[in-house]
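Remarks on the overall topology
Chain by chain, the residues run as shown.
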Amino acid sequence: MNSIVLNYWRPVSLRWLVVAGLIPALVLALVVAVWSTEAKKECRGGAFSNGFSAAFDVRKCDLVLEVEGQEITQIPLPR
């Protein structure tokens, strides 16, 4: 039986090296961002509701995002 053995070596593509390096970098950036971000709910009672019982308590709540202790944004939550 006749067989031809081809020793073909394909050089590593620069595109593959870039993609292989970007994926771990993106994962690392995501982990650092999630690790250092804190989300909390802050509620403020209105002046009117503070004078009455908790049954009349109307609160305005915001979702606050902080990174390393600095407030980034406040997102108003629906009532």
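Residues numbered from 1 in each chain as written. Predicted model: local features only at pLDDT ≥ 70, side-chain atom pairs only at ≥ 80, totals over all residues. Heavy atoms only, no water.

Our focus in this paragraph is the overall build of the chain. Within the chain, the regular secondary structure consists of 2 helices and 3 strands. Listing every helix and strand of the chain by position from the N terminus yields α-β-α-β-β. In the chain, which comprises 79 residues, the proportion classed as buried is 6%. Restricting to contacts in the chain with at least 6 residues of sequence separation, those with at least 24 account for 26%. By element, 64% of the accessible surface of the chain is carried by carbon and sulfur atoms, the whole surface being about 7500 Å². (Helix = DSSP H or I, 4+ residues; strand = E, 2+ residues; numbered from the N terminus. Buried < 20%, exposed > 50% of the residue type's maximum accessible area, 1.4 Å probe, protein only. Contact = heavy atoms within 4.5 Å. Areas by Shrake-Rupley, 256 points an atom, 1.4 Å probe, with all protein chains shown as cover.)

Another point: the confidence of the model for the chain. On average, the chain scores 76 in pLDDT, and the residues at 70 or more come to 75%. When mean pLDDT is taken per element in the chain, strand β3 (residues 70-76) scores highest with 85 and helix α2 (residues 47-50) scores lowest with 57. (pLDDT = per-residue confidence, 0-100.)

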